[in-house]
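Chain by chain, the residues run as shown.
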Amino acid sequence: MLFVLGVGPIVIASAGVAVTPPPLQTPPPPHPAAIARTIASLQVEGAQRFEAQTVLSYTKLRVGQAFSNETLDQAIKDLYASDLFADVSISGAETGAIVLRVRENPIINRVLFEGNKRLKEDKIAKEVKLAPRQIFTRTAVRQDVARIVELYRRQGRFAAVIEPKMVSLDQNRVDLVFEISEGPKSQVRQINILGNTVFPDSKLREQMATKAVRLKTMLSSNTSYDQDRLAYDQQKLRQFYLTEGYADFKVISAVAELTPDKKDFIITYVVEEGKRYKFGDVTVDSDIRDFDNKRVAANLGITKGEWYNAKRVETAVDSLSAAAGALGYAFADVNPDFQRDKDTLTMGINFHIAEAKRTFVERVDINGNTQTQDKIIRREIRLAEGDAFSNFQVKRSQDRINSLGYFQDKFEIKQTEGSAPDRVVLTADLQEKSTGELSLSAGYSSLEKFIIQASITQRNFRGKGQELRASVSYSTYSKSVELGFTEPYLFNTNIALGGDIFRRDYRSYNTIGDSTTTTYKQVSTGFQIRAGLPLNEYWTASARYGLSYEEVSLDQATYYTNGVCDVALAGSYLCDAIGNRWTSSIGYSFIFDSLNNRLHPTKGSRLSISQDFAGVGGDTRYLRSTIVAAKYWGLGSGFVLNAQAEGGHIMGIGQDVRLTDRFFLGDPQLRGFDIRGVGPRVIRQYYDTSTVPATLTAASNNTSEALGGDTYYRGRLELELPLGAGMREMGLRPSIYADIGAVFGGVKTPTLADSCAAAIIAGVACTTSTRQYTNSSGALLYLDSSGNTTTTNTGTPYTYALSAYRESYAGNSPKPRVSIGIGVNWNSPFGPLRIDLAKALLKQSGDDTKLLTFNVGGQF
């Protein structure tokens with residue numbers, strides 16, 4: 001074979017064959033992109049809102065500048081990157097007469113949302129960045145879609161689909177419409193826990209805020225998936241194990257898996273419980289010389305050998321900080337040093353209190369009070385500039401300011417470092433609330449039927465802490481007008497002075513079956529002056545003087561015969577009560593009050609011991625003594641336990657205690673019983689005289705009149721139940737309670753009558769007596785020849801038969817009456833509502849019980 005190598009391609013020839021080499025080829029011309037060219041001219045076409053120079057400013061193209069295809073490609077990319085144009089092209093590269101053709105992005109006319117029901121439009125609009133008069137770009141739309149999706153995911157709706165649509169308008173404008181398919185709320189189908197051996201899954205799930213969907217959790221809002229709640233639940237698990245002694249507990253992983261249909265989540269926790277520890281040696285090492293380390297350590301409530309509990313360690317730290325604060329060290333640093341022994345499984349703790357200087361109050365700053373004068377607030381603060389700091393006094397100041405009721409709840413005095421390490425600045429950041437109330441209200445009571453009230457109250461009159469009030473009320477059984485004024489600091493001294501004037505019209509009633517009938521009327525007109533003086537931080541002494549004129553009367557047309565009270569109609573107890581009298585009395589009280597908030601206390605106690613003596617002039621003589629005590633405990637988690645007890649005794653001086661001065665008991669003091677439904681009473685039973693001997697009619701025909709007693713006692717144990725944040729915002733405060741009490745004794749037993757007793761004993765028919773009708777003035781009525789009533793004694797007496805009756809005395813017993821129940825206070829949109837459902841467990845003969853009581857009022 002012959003191999004020929006030339007400048008051209010290699011040619012292979014076989015022996016005996018002639019081969020002709022190809023001709024030489026000319027190299028191809030260079031590609032146009034590689035030829036350097038010059039821009040001869042630049043022109044912009046298609047721009048509507050933008051000037052040509054503005055469009056060119058986004059590129060690097062300039063007349064007279066060399067360019068290549070790469071240069072033109074970069075210009076197109078730069079124009080797209082500006083987000084101003086929907087389409088860009090370039091022509092004229094062959095001649096250098098460059099033409100930029102652009103199509104501008106449209107302007108947004110409106111941004112609309114369709115299909116959103118669970119999220120209001122204003123909430124979505126806050127997340128969307130695109131707005132009217134902005135330039136529409138697909139990138140911005142995609143970003144807004146992602147924001148809306150994330151918003152729905154935070155609401156637990158992971159199946160939400162957002163589809164943006166563009167509606168073209170004239171002048172290159174568009175309406176941007178986000179079509180929203182919200183989908184169902186993604187809920188937690190199942191919670192799995194792996195690695196736990198000490199506590200069952202059910203116990204651990206109880207600690208979590210997140211709940212799996214079950215029948216009992218249908219109404220809970222915590223069944224939806226929430227990533228933040230997932231992290232919170234991990235912390236709750238750790239807290240639970242740390243309070244049970246498992247100091248090495250860890251959450252290895254927490255995974256939330258979305259089901260393929262995007263409707264539910266399955267959450268899986270992997271935990272490592274570790275070993276259980278007991279407390280070892282617990283010591284206190286203080287660099288503050290005022291501390292008795294051993295005594296303080298003994299009072300921490302932590303005992304060696306008990307199971308380790310991280311909550312008790314936190315409580316001990318707070319206790320040591322408070323103890324240091326009480327000694328004047330505002331910024332004492334308490335650090336627990338844990339000494340873990342994995343061999344003995346004990347946890348020793350040394351609480352180290354770093355050295356600190358005794359702190360003094362540099363100044364007290366008060367902010368936020370626009371109406372209330374500074375001095376009104378400062379007089380409640382138990383520390384002043386230059387005083388040694390005391391954590392106890394700071395807490396007491398907070399309680400006193402909260403009890404004023406002038407500011408928003410949960411007020412706290414902040415402590416910050418002053419100009420030196422031993423100086424502290426106390427800051428009271430206040431938020432005033434309305435202290436004036438002007439209202440007209442109408443309501444309905446299960447007893448008094450329709451109630452109308454009008455009142456005006458200003459508890460912080462002129463910003464000086466003075467209280468001014470006036471009220472008018474009207475109902476079926478009571479009417480009243482009252483005016484009052486209180487100055488808590490007279491002439492800037494620690495003396496309170498106040499007074500009231502009043503007129504009260506009360507109508508007592510008795511019951512006949514389920515109906516009520518008015519018996520006596522009591523009208524009182526008078527005034528009272530009172531003064532108070534604090535004895536120390538918790539004790540206050542007060543004195544008062546009152547003068548009133550009282551009129552007690554019966555309807556003459558109903559209860560009088562021949563101008564005289566008829567005991568057969570009214571009973572001797574009512575006939576003895578009528579009359580007018582003056583009551584002039586003086587009294588005093590000693591009051592102990594450590595409540596953290598007088599309006600809605602959750603901690604503290606209150607005790608009041610009082611006596612009133614009537615006989616400083618006037619017609620009435622008695623000595624009334626009462627004692628009232630209450631204690632509140634905050635049990636945590638919103639539970640508040642309240643125990644109350646009270647009692648009283650009234651003693652006549654040289655005269656019997658009148659009916660209207662006695663103690664009465666029933667609803668609302670003793671729930672489960674009717675108003676004045678407990679204690680001594682006269683029961684009148686009526687005879688059926690058509691039989692021989694006469695027989696008593698059904699109990700539903702009986703009448704019952706409460707007489708009151710000279711001694712009473714009452715107790716209550718009530719637990720306020722916590723509700724979720726939503727229920728609290730609605731103003732709902734439910735509680736369960738037990739009431740106990742009685743009123744009895746000392747009152748002279750009234751004269752009782754039995755109109756058929758003699759006939760029954762003799763075995764003969766009981767005859768009914770007759771009474772002549774009278775008018776409202778008590779004048780006897782007659783019937784003239786035409787049958788009309790007249791007071792002229794010329795006709796036939798207008799008479800009626802008096803039913804035969806028997807009276808008995810019941811209820812005068814110190815034996816306890818007991819009831820249990822559940823109630824709820826609701827600050828409803830139409831006014832305050834209180835409903836009580838109470839069952840009387842123990843009662844005595846004659847007591848009137850009642851299962852349901854409600855009171856409701858409304859503003860208009």
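As shown above, the structure is provided for reference.
All values reported here derive from a predicted model rather than from experimental measurement.

Got a minute to help me understand the overall build of the protein in this structure?
Counting its secondary structure elements, the protein contains 15 helices and 46 strands. For the protein, the residues scored as buried account for 39% of the 860 residues in total. Contacts in the protein between residues at least 24 apart in sequence constitute 61% of all its contacts with a sequence separation of at least 6. Carbon and sulfur atoms make up 54% of the accessible area of the protein, which totals about 46500 Å².

Help me understand the side chain of arginine 681 in this model?
With respect to the helices and strands, arginine 681 occurs in strand E33 (residues 681-688). Within the structure, arginine 681 has its side chain in polar contact with the side chain of serine 704 (distance 2.7 Å). Excluding residues that lie within four positions of it along the chain, arginine 681 makes contacts with Arg676, Ser704, Glu705, Ala706, Leu707, Ser808, Tyr809, Ala810, Gly846, Asp847 and Asp848.

Please explain helix H10 (residues 391-404) as it appears in this structure.
Given 3.6 residues per turn, any residue in an α-helix points the same way as the ones three and four places further on. The first and last C-alpha atoms of H10 sit 21 Å apart over 14 residues, in line with the 20 Å expected at 1.5 Å per residue. The buried fraction of H10 amounts to 10 of the 14 residues, a majority that puts the element mostly inside the structure. Within the span of H10, buried status applies to Val394, Arg396, Ser397, Gln398, Asp399, Arg400, Ile401, Asn402, Ser403 and Leu404. Phi turns positive, to about 80 degrees, at glycine 405, one or two residues after H10.

How should I be thinking about the sheet that holds strand E19 (residues 423-429) in this particular structure?
Backbone hydrogen bonds hold the strands of a sheet together, and the pairing may be parallel or antiparallel. Spatial strand order, E17-E19-E18: three strands in an open sheet with mixed pairing. Sheet topology places strand E17 (360-367) and strand E18 (413-417) at the edges, where each strand pairs with a single neighbour. With strand direction ignored, the average angle separating the axes of adjacent strands in the sheet is 25 degrees. Relative to E18, H10 is tilted by about 145 degrees, and along the sheet it contacts E18 and E19.

Teacher, can you tell me more about the environment of glutamine 143 here?
Counting through the fold element by element, glutamine 143 comes out in helix H4 (residues 138-154). Linking glutamine 143 and lysine 129, residues 14 residues apart in sequence, is a C-alpha distance of 8.5 Å.

For this particular structure, what's the right way to read the sheet that holds strand E6 (residues 85-91)?
With mixed pairing, three strands are arranged side by side in an open sheet as E4-E7-E6. Pairing within the sheet leaves two strands with one partner each, and these edge strands are strand E4 (41-45) and E6. Direction aside, the axes of adjacent strands within the sheet are offset by 15 degrees on average. Two elements, E6 and strand E7 (residues 97-104), share six bridges in a ladder whose sense is antiparallel. Pairing of phenylalanine 85 across the sheet is with glutamate 104, part of E7.

Any chance you could explain the pattern of salt bridges here in plain terms?
Side-chain pairing between opposite charges can occur once the charged atoms of the two side chains come close. Applying the stated criterion across every chain yields a total of 42 salt bridges. Measuring nitrogen to oxygen at the nearest pair gives 2.5 Å for the salt bridge that ties arginine 173 to aspartate 170. Taking relative accessible area as the criterion, arginine 173 reaches 25% and is therefore assigned partly exposed. Taking the shortest distance from any N to any O, the salt bridge between aspartate 566 and arginine 771 comes out at 2.5 Å. With aspartate 566 in the loop between strand E28 (564-565) and helix H12 (567-570) and arginine 771 in strand E38 (residues 769-772), this residue pair connects regions lying 205 residues apart in the sequence. As far as the burial class goes, aspartate 566 and arginine 771 line up, both buried. One network of salt bridges, in which partners are shared, links Glu380, Arg382, Arg396, Arg400 and Glu537.

What counts, and where the lines are drawn
- Residues numbered from 1 in each chain as written.
- Predicted model: local features only at pLDDT ≥ 70, side-chain atom pairs only at ≥ 80, totals over all residues.
- Heavy atoms only, no water.
- Helix = DSSP H or I, 4+ residues; strand = E, 2+ residues; numbered from the N terminus.
- Buried < 20%, exposed > 50% of the residue type's maximum accessible area, 1.4 Å probe, protein only.
- Contact = heavy atoms within 4.5 Å.
- Areas by Shrake-Rupley, 256 points an atom, 1.4 Å probe, with all protein chains shown as cover.
- Polar contact = N/O pair within 3.5 Å; in protein donor to acceptor, adjacent residues only side chain to side chain.
- Expected span 1.5 Å × (residues − 1).
- Pairing = 2+ DSSP bridges.
- Axes fitted to C-alpha atoms, helices over the stretch in contact; angles between N-to-C directions.
- Salt bridge = Lys/Arg side-chain N within 4 Å of Asp/Glu carboxyl O.

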